[in-house]
Every structure is written in structure tokens, then in C-alpha cells.
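Descriptive structure summary
Here is what each chain is made of, one letter per residue.
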Amino acid sequence: MPRIKEHIILPPRQKPSVDFTFDGKKLLAVPGEMISSALIANGIHVFSHHHKDNAPQGIFCANGQCSQCTVLADGLPVKACVTAVTPGMEVFTLRGNPAIPCAEETPEFRPPEELEADVLVIGGGPAGLAAALELGGKGASVILVDDKHRMGGKLVLQTHKFFGSVDDCYAGTRGIDIAARLEQELSACPGVQAWSNSNAVAVFSDRRVGITRDGAYILVKPRALLVAAGAREKSLPFPGNTLPGIYGAGAFQTLVNRDLVAPCRKLFIIGGGNVGLIAAYHAAATHNSPGHPRIVWAHAEANRHDVHGAIDGAGEQLRHPADFSVAALDVGEEDDVGALYGEHSRRLGE
Ligand code: FES
């Protein structure tokens, strides 16, 4: 699939220049790009084969939570969606369970650094950021940890303008701009330390929390612990729901809006709530790229008029919304999603 060269909202990204290989084939990644996005940008969607039935697997959450994207990189099993490509990296398809790597030497362990704070906030998405800002503004000492390379959580994937109340949730502002604003406020907030690329890996009975950061292990003893780790992608139970090409909405947003990688040419969206609508909008915003997606949107009581209206309404900056092949179908709880997808794929004629 092509990289998205022209996005209606986002500026173009750097050109791919980092050499790596996948199953021996030479490929290029954008500097700092995650393995999963680099592979999909190179047309590779199968990252592993399941140890039970050899079923192909690709990404589902793109957020480090499901492990479906595991590959072997330089001899180690890693989650492709949260591991950046490094120059010369050798990546291989994982077949079955990975072997436990052999360690030549016993690693040396040093006593971990120990810190105290009034509040430890786990999760640097909108809730964690807002809490840290509120607490820091009231004079509390706060440590905010997040496993990603920057704060903002899902906001950094959201190119649409928020709706609702201006005072409560920045209505009328794009998620990416809200993230930048909150990050800026955080950097000016005394008493708040924001640790990116940091994982809270254990909460012990003595109230200490173990955190990995930049290769070090740190113990933090907070007076209060605030967990704002966000939501999880929810999978629908239907046969084949772990096959490559079936994405959680967050993974789709990650590819399209963070990494400017087009994961598909035909998009079948299950769910016509705000997330389904926004996914259609995000897909539509890539329409100037070759092979822009055709969209089928499935939702109970949906109709073609609703979907066109929703995309027109959400995509206030779309130049040619009529370019999209959009269909809508009414799905109920009893429907076979896989069969519906097959039927509508044929109807879209690809
Ligand atoms: S952990 Fe990588 S796709 Fe879920």
C-alpha cells in the first residue's frame, strides 16, 4: 500500500531513508518509524503465524496491547507496533511461539533509584495530562509516566475537531492541537515531571511502583496513584477476527494519522457511532493519495444517505467528497460480519 503523500490536514512526512530487511528483502523505513507501519507501507501485512493453527496475523491495536504484531527483530521477539526500525535491522516473520533468547552472560543488576512524589499518574493521554496539570497547579509534586515517545495518548492520532462543550473538552479544536496545547501547558507546570517512553510494570503491596525508563528500573513511592491508562481496542467475535487487515479503530488512526500509511483501499467500518463516523472521516481525509479508500459503513439502521451526510458534515475541508464509493448496510447482532464483508467487497468490484 502506498504512503499517504497528501493529507488534507497533516503536513507531509520525511522520506523513507532507513535500510532494514524483512525475511531477507531490503526495505526502507521513515526515521523513527515503528516496524509495523514500515512493513505495511511496504505492502506487508502478515507479521506472524499463530502457533496453534498457523493462521496469519498482523496488527490489531497498534498500541502495544494485543501482541498480534510480534515479529523477530535482530533475533528478539518484539511487538512491531511499538518498536522502531533501526538502521540495518533484520526483521523476520514469527512462526509459532518465539524461542527464549539465550543470554551469554547474567545481566548485572544494580539497586534501583527510589523516588517519592505526591501523585504518580500512569498514562499521558487527555485524562492523565489534565489530572497532572490540575494537581501540579495546586502545588502537588507529580510524576506522569507514559509508554509512548510523546504525551497525548490517542489525541495525537485525532485529526478531527472535537465536539461537545468548548469549556469541558475543547470543542472545535482538533485532537492533535489539543495534545500540543496540553503538552505545552505541562512543560510550564512546576512540580510535574513527565516521563515518556516509560512503562509502569508493577505496583507492589508496599505502594511502590516499578517503572522502566531509558533502560533503567526506578521505584516510585507516591502518596496517591492515579491510573489513567486509557481504553482498550475491543474485538468483535467472528471467525477470522484476528486475520491481518482487521484493525481496531485506534490502529487505523495510528496508520493513517500518525504515520501517514494507507492500510487499505477498501474500508468496511463496523459501527456507526462517533468512532465509526470519525474513522470514515479519517479515511476520507487521505483521498488525494493513490488508491483512496472506498468506504462501507455498517451500522444498525444506517442508510446510504446517513453515511454521505455524516462524511460531508464531518469532512468540512474535503474537496471532493463525492469521489468516495460509500455504501451503508443494516447489521444486527445476529449477522455474520465476515459474510457481509464478502458480499460488499464484491459489490465494490475489487
Ligand atoms: S500489540 Fe501490536 S498490534 Fe497489538
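Described in the following lines is the structure provided in the data block. What you see is a predicted model, and the numbers here were worked out from it, not measured in a lab.

A word on the sheet that holds strand 1 (residues 18-22). Pairing within the open sheet is mixed, and its five strands lie in the order 2-1-7-5-6. Whereas interior strands pair on both sides, the edge strands pair on one side only; in this sheet they are strand 2 (25-29) and strand 6 (76-79). This sheet shows a mean twist of 40° between the axes of neighbouring strands, independent of strand direction.

Next up on the list: the packing of helix 2 (residues 126-137) against helix 4 (residues 175-187). Packing of helix 2 against helix 4 brings their axes to within 10 Å, and their N-to-C directions diverge by 30°. Relative to helix 4, the element helix 2 lies roughly parallel. Taken as a pair, helix 2 and helix 4 cross one another with a handedness that is left-handed. Counted together, L129, A132 and L133 of helix 2 and L182, E185 and L186 of helix 4 form the full contact between these two elements. Its residues assigned to classes, the contact of helix 2 with helix 4 shows five nonpolar, no polar and one charged.

Turning our attention to the environment of L115. Within the fold, L115 resides in strand 9 (residues 113-122). Since its relative accessible area comes to 25%, L115 is described here as partly exposed. As for L115 and I218, which are separated by 103 residues in sequence, their C-alpha atoms are 7.7 Å apart. When residues no more than four places from it in sequence are discounted, the contact partners of L115 are I143, W195, I218, L219, V220 and K221.

Glancing now at the packing of helix 5 (residues 249-258) against helix 6 (residues 274-284). For any two helices packed against each other, one specifies the crossing angle of their axes together with the interaxial distance. Where helix 5 meets helix 6, the closest approach of the two axes is 10 Å, and the angle between their N-to-C directions is 20°. Judged by the inter-axis angle, helix 5 sits roughly parallel to helix 6. In the packing of helix 5 onto helix 6, the handedness of the crossing is left-handed. Each of A249, F252, Q253, V256 and N257 in helix 5 lies in contact with helix 6, whose residues at this interface are V275, I278, A279, H282 and A283.

Residues V201, F204 and Y217 make up a contiguous nonpolar surface patch of roughly 260 Å² in combined accessible area. Topologically, Y217 is positioned in strand 14 (residues 216-227).

Before going further, it helps to examine the pattern of salt bridges. The final tally for this structure, using the stated rule, is eight salt bridges. As a salt-bridge pair, R208 and E114 come within 3.0 Å of each other at their nearest N and O atoms. Taken together, the positions of R208 in the loop between strand 12 (198-203) and strand 13 (209-213) and E114 in strand 9 put the pair 94 residues apart, joining distant regions of the chain. Owing to a relative accessible area of 24%, R208 belongs among the partly exposed residues under this scheme. Salt bridges linked by common partners bring E114, D206 and R208 together as one network.

Tracing the chain through its elements places S37 in helix 1 (residues 35-41). The contact partners of S37, leaving out residues within four places of it in the chain, are L255, R258, D259 and V261.

What counts as what
Residues numbered from 1 in each chain as written. Predicted model: local features only at pLDDT ≥ 70, side-chain atom pairs only at ≥ 80, totals over all residues. Heavy atoms only, no water. Pairing = 2+ DSSP bridges. Helix = DSSP H or I, 4+ residues; strand = E, 2+ residues; numbered from the N terminus. Axes fitted to C-alpha atoms, helices over the stretch in contact; angles between N-to-C directions. Parallel < 35°, antiparallel > 145°, perpendicular 65-115°, else oblique. Left-handed = near helix turned anticlockwise from the far one by under 90°. Contact = heavy atoms within 4.5 Å. Nonpolar A, V, L, I, M, F, W, Y, C, P; charged D, E, K, R; others polar. Buried < 20%, exposed > 50% of the residue type's maximum accessible area, 1.4 Å probe, protein only. Patch = residues over 30% accessible without salt bridge, like charges linked within 9 Å, V, L, I, M, F, W, Y side chains within 5 Å. Areas by Shrake-Rupley, 256 points an atom, 1.4 Å probe, with all protein chains shown as cover. Salt bridge = Lys/Arg side-chain N within 4 Å of Asp/Glu carboxyl O.

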